[in-house]
Amino acid sequence: MRMLEVSQWLPVTTDELWPFFTDIANLERITPEWVNFKILTPPGTPVHEGVILDYRIRIRGVGVHWRTRISVFEPPHRFVDEQIKGPYSLWRHEHRFHEERGGTRCLDRVDYRSPLGVILHPMFVDRDVRRIFEFRAQALRKLFGGIDADHPVISITRPTGTPVSIA
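The residue count restarts for each chain, going from 1 along the sequence in the order it is written. Totals for whole chains, interfaces and linings use all residues, but because this is a predicted model, local features are given only for residues with pLDDT of at least 70 and pairs of side-chain atoms are given and counted only at 80 or more. To get the side-chain values, all heavy atoms of the structure are used, and hydrogens and water are removed first.

K.L.:
How do you make sense of the environment of His77 when you look at a structure like this?
P.N.:
Secondary structure is summarised from DSSP: a helix means a run of H or I of at least four residues, a strand means a run of E of at least two, and numbering begins at the N terminus for each. Tracing the backbone shows His77 in the loop between strand E4 (62-74) and strand E5 (78-85). Any residue under 20% of the maximum accessible area for its type is buried, any over 50% is exposed, and the rest in between are partly exposed; the area is computed with a 1.4 Å probe on protein chains only. Here His77 falls in the partly exposed class, since its relative accessible area comes to 42%. Taking C-alpha positions, His77 is 27 Å from Ile57, a pair spaced 20 residues apart along the chain. Setting aside residues no more than four positions away along its own chain, His77 makes contact with Trp18, His95, Arg96 and Phe97. In this analysis, two residues are considered to be in contact whenever any of their non-hydrogen atoms come within 4.5 Å of each other.

Below is the structure:
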């Protein structure tokens, strides 16, 4: 298993960020094109605890159906999406927002595991997950903060807390 953590400060309030993150149409805006992310859930579907969301993505050229459930929903501070069906044997993504220095600290924590972890994690999975979240952080910076936003701090660790080396 791996744990990705991203911390980024944006110069906007949680009241401005929360609607963005809970509008599923915005997921495509903060996902790199190479993932070929397509939302299958009807536009305007309200996000709340228990809602099921469907997507189509491409991983290394292979199309994959991805289904998640919102398992925790605590506006405007926290929500969690968990994979029900998809490319990972485990995917749990916690989004947290708290006001700080007149803006909002955005924290992402993703616990994930690929089905062939020992082989795929070092070769592909860690690198791809990191690239996706680097893109996402830069997209958020452009959308909400410009030069005033923090550069993101991104780390991937093993359950022991040992950092993962990504070539």
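Next comes the rest of the write-up.
K.L.:
Would you take a moment to explain the nonpolar core for this structure?
P.N.:
Note on soluble globular proteins: their nonpolar side chains tend to be buried together. By convention a nonpolar core is built from buried Ala, Val, Leu, Ile, Met, Phe, Trp, Tyr and Cys residues, the set being connected through side-chain atoms within 4.5 Å. Judged by nonpolar contacts, the single largest core of 36 residues is most densely connected at Leu4, Leu10, Leu17, Phe21, Trp91, Tyr112 and Val129. The set of elements that each furnish at least two residues to this core consists of strand E1 (2-10), helix H1 (14-21), strand E3 (52-59), E4, strand E6 (90-100), strand E7 (103-113), helix H2 (117-144) and strand E8 (153-157). No other element matches H2, which puts six residues into this core. Once you skip the residues sitting within four places of it in the chain, Leu4 turns out to touch Asp108, Arg109, Val110, Tyr112, Val129, Arg130, Phe133, Ile154, Ser155 and Ile156.

K.L.:
It is not clear to me how the side chain of His93 should be interpreted in this structure. Could you clarify?
P.N.:
With respect to the secondary-structure elements, His93 resides in strand E6. For His93, a relative accessible area of 4% puts it in the buried group. Among the polar contacts made by the side chain of His93, one reaches the side chain of His95 at a distance of 3.4 Å. Here a polar contact is recorded for every N or O atom pair within 3.5 Å, except that within protein the pair must consist of a potential hydrogen donor and a potential acceptor, and residues adjacent in sequence are included only if both atoms are side-chain atoms. A polar contact of 2.7 Å, which involves the side chain of His93, links it to the side chain of Asp108.

K.L.:
What exactly am I supposed to notice about the sheet that holds E1 here?
P.N.:
Strand pairing in a sheet relies on backbone hydrogen bonds. The paired strands run either parallel or antiparallel. Read across the sheet, eight strands follow the order E2-E3-E4-E5-E6-E7-E1-E8 without closing on themselves; strand pairing throughout is antiparallel. Looking at strand neighbours, the two that pair on one side only are strand E2 (38-39) and E8, the edges of this open sheet. As judged from the eleven bridges shared by E6 and E7, these two strands associate in the antiparallel manner. Bridge pairing links Glu100 to Gly103 in E7. Should DSSP find at least two bridges between two strands, the strands are taken to pair.

K.L.:
Could you clarify how one ought to interpret the packing of aromatic side chains in this entry?
P.N.:
Here the distance between the centres and the angle between the planes together describe a pair of aromatic rings. Classification of ring pairs uses Phe, Tyr and Trp, with its six-membered ring standing for Trp, and accepts pairs whose centres are within 6.5 Å; under 30 degrees between planes counts as stacked, over 60 as edge-to-face, and the remaining range as tilted. Across all of its chains, the model carries twelve aromatic pairs by this definition. One aromatic cluster is present, formed by Trp18, Phe20, Phe21, Phe73, Phe79, Phe97 and Phe144 through successive ring pairs. Between the NZ or CZ atom of Arg101 and the centre of the ring of Trp9, over which it lies, the distance is 4.4 Å. Any Lys NZ or Arg CZ found within 6 Å of a ring centre and within 35 degrees of that ring's normal is scored as a charge over the ring. For Arg131, the ring lying beneath its charged end belongs to Trp34, and the centroid distance is 4.2 Å.

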